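# Report on the structure
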Amino acid sequence: MNENLVHKMKYPEYNLDKRDQEIILKNGCLTDIHIGRAQALLKMQYPNIQGLQSTTLGIVGQFDVVHGEFVQILHTGSYHWVCVSNIGLQKPNVVNIYDSKYTGVKMFTKKQIASLLYTASDEITVQVQPVTQQSNGVDCGVYSIAFAVAGERDRNHLWHCLHNERIEMFPTTMVSKSLTDSPGPIANVKLKIYCTCRLPYSSKDDMVECVSCSKWYHKDCQQVPDRVFRRKNMLWKCSLCI
């Protein structure tokens, strides 16, 4: 991807106007502009917390890899926002997801998590946390921002924070209400990661196993010749084993 374009995506300008106020206060769907503005303010207030990157970077696979505690809001690719974080977790290959309309973790979300989180492990555990579920189809962005600061969805409070350029703690009745009454995650999603790109496998990927290290690699990442896929039982070595 063009370096200038990536730079603009990493450092966008978030200028809110009257239309943005109406979207937030009158139950509109939040866009990457609103999410980005909130995350930029959080980054200024908590500079030691990693993540909080422009959500458009995740969509095009250009996140900067994080090596410590982070918070990040992600777009799932289907008109929905979720919040992920590893704050307070002891294992480097575990991440929590806070989803106000949980129906499973989509592959698009899995790929963003894998591209964001540094781990030497070949597997990431995504812990689905029990959080309040939205009662409509438009509040996911507000919930995701609220989850990022451990609070409950409140659009008036969100506009107050964005307008005054400071994110304050959301009013809270906090997690574990609608999905379950029991403590701890409601599900653990195991995410296997492969290849030099450290991304998961999807049914759309062409992958091949290295005969030497027994690891699987994407065709494009290793520039695997087409003949390897055409010929059955053809032995192939990755660039790390040649």
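Residues numbered from 1 in each chain as written. Predicted model: local features only at pLDDT ≥ 70, side-chain atom pairs only at ≥ 80, totals over all residues. Heavy atoms only, no water.

### Considerations on the overall build of the chain
Looking only at helices and strands, the chain features nine helices and eight strands. For a compact globule of 242 residues, the expected C-alpha radius of gyration is about 18 Å, and the chain comes in at 20 Å, within 12% of that figure. If one aligns the C-alpha atoms of the chain with their principal axes, the spans along those axes are about 60 × 45 × 30 Å. Taking all 242 residues of the chain together, the buried fraction comes to 45%. Contacts in the chain between residues far apart in sequence, at least 24 positions, make up 56% of those at least 6 positions apart. In the chain, 27 positive and 22 negative side-chain charges are present, and the distance between their average locations comes to 7 Å. (Helix = DSSP H or I, 4+ residues; strand = E, 2+ residues; numbered from the N terminus. Rg over C-alpha atoms; globule rule 2.2 N^0.38 Å. Buried < 20%, exposed > 50% of the residue type's maximum accessible area, 1.4 Å probe, protein only. Contact = heavy atoms within 4.5 Å. Lys, Arg positive; Asp, Glu negative; His and termini not counted. Charge placed at Lys NZ, Arg CZ, Asp CG, Glu CD.)

### Here's the deal with the pattern of salt bridges
As enumerated under the stated definition, the model contains four salt bridges in all. For aspartate 122, the salt bridge identified is with arginine 198, shortest N-O distance 3.2 Å. Placement of the pair is aspartate 122 in the loop between helix H5 (107-116) and strand E5 (123-128) and arginine 198 in the loop between strand E6 (187-192) and strand E7 (207-209), with a sequence separation of 76 residues. One salt bridge connects aspartate 139 with arginine 155, and the closest N-O pair in it is separated by 2.8 Å. Of the two residues, aspartate 139 sits in the loop between E5 and helix H6 (140-148) while arginine 155 sits in helix H7 (residues 155-163), which places them 16 residues apart along the sequence. Of the two residues examined, aspartate 139 and arginine 155, each falls in the buried class. (Salt bridge = Lys/Arg side-chain N within 4 Å of Asp/Glu carboxyl O.)

### Thoughts on the sheet that holds E6
Within the open sheet, the six strands sit side by side as E1-E2-E3-E4-E5-E6. Their pairing is mixed. Each having just a single partner strand, strand E1 (50-51) and E6 make up the two edges of the open sheet. Pairing geometry for E5 and E6, over six bridges, is antiparallel. Within E6, the residue paired with valine 126 across the bridge is valine 189. The strands that helix H3 (residues 32-45) touches are E1, strand E2 (70-75) and strand E3 (81-85); relative to E2, the one it contacts most, it runs at about 175°. Relative to the sheet, H5 contacts E2, E3, strand E4 (94-98), E5 and E6, its axis offset from that of E2 by approximately 150°. (Pairing = 2+ DSSP bridges. Axes fitted to C-alpha atoms, helices over the stretch in contact; angles between N-to-C directions.)

### Structural notes on the confidence of the model for the chain
For the chain, the mean per-residue pLDDT works out to 87, and 92% of the residues sit at or above 70. Every residue in residues 174-182 scores below 50 in pLDDT, and together they form 21 contacts with partners more than four places removed in sequence or on other chains. (pLDDT = per-residue confidence, 0-100.)

### Some words on the packing of aromatic side chains
Aromatic ring pairs are defined here through the distance separating the ring centres and the angle between the ring planes. Going through the model one piece at a time under the given rule, you end up with three aromatic pairs. Both rings, one in tyrosine 98 and one in phenylalanine 147, keep their centres 6.3 Å apart while their planes meet at 40°; by these two values the pair is tilted. On the criterion of sequence distance, the pair formed by tyrosine 98 in strand E4 and phenylalanine 147 in helix H6 is long-range, its members being 49 residues apart. Classification of phenylalanine 147 as buried rests on a relative accessible area of 8%. Ring centres of tyrosine 217 and tryptophan 236 lie 6.0 Å apart, and the angle between their planes is 65°; on these two criteria the pair is classed as edge-to-face. A residue pair is termed long-range when its members are at least 10 positions apart, and tyrosine 217 in strand E8 (residues 216-218) and tryptophan 236 in the segment after helix H9 (226-230) qualify at 19 residues. Assigned by exposure class, tyrosine 217 and tryptophan 236 land together as buried. In textbook terms, an aromatic cluster arises when at least three aromatic residues are bridged by ring pairs, as seen for Tyr98, Tyr143 and Phe147. (Phe/Tyr/Trp six-rings, centres within 6.5 Å; stacked < 30°, edge-to-face > 60°.)

### Some words on the nonpolar core
Judged by nonpolar contacts, the single largest core of 26 residues is most densely connected at Leu30, Cys83, Ile145, Leu158, Leu162 and Ile167. Elements that contribute at least two residues to this core include exactly H3, E2, E3, H6 and H7. The biggest single contributor to this core is H6, with six residues. Of all hydrophobic cores here, the second largest spans 22 residues; its members include Val82, Ile113, Ala114 and Val189. (Core = buried A, V, L, I, M, F, W, Y, C linked by side-chain atoms within 4.5 Å.)

### Considerations on unusual backbone geometry
The phi angle of most residues is negative, glycine excepted, and most peptide bonds adopt the trans form. Phi at tyrosine 79 is positive, roughly 55°, even though this residue is not glycine. With respect to the helices, strands and loops of the structure, tyrosine 79 is situated in the loop between E2 and E3. With a relative accessible area of 78%, tyrosine 79 lands in the exposed category. One non-glycine residue, arginine 198, adopts positive backbone phi at about 60°.

### Here we look at the side chain of histidine 34
Tracing the chain through its elements places histidine 34 in helix H3. Among the polar contacts listed, one links the side chain of histidine 34 to the side chain of aspartate 20, at a separation of 2.7 Å. Apart from residues lying up to four places away in sequence, histidine 34 is in contact with Leu16, Asp20, Ile23, Ile24, Ile145 and Leu162. (Polar contact = N/O pair within 3.5 Å; in protein donor to acceptor, adjacent residues only side chain to side chain.)

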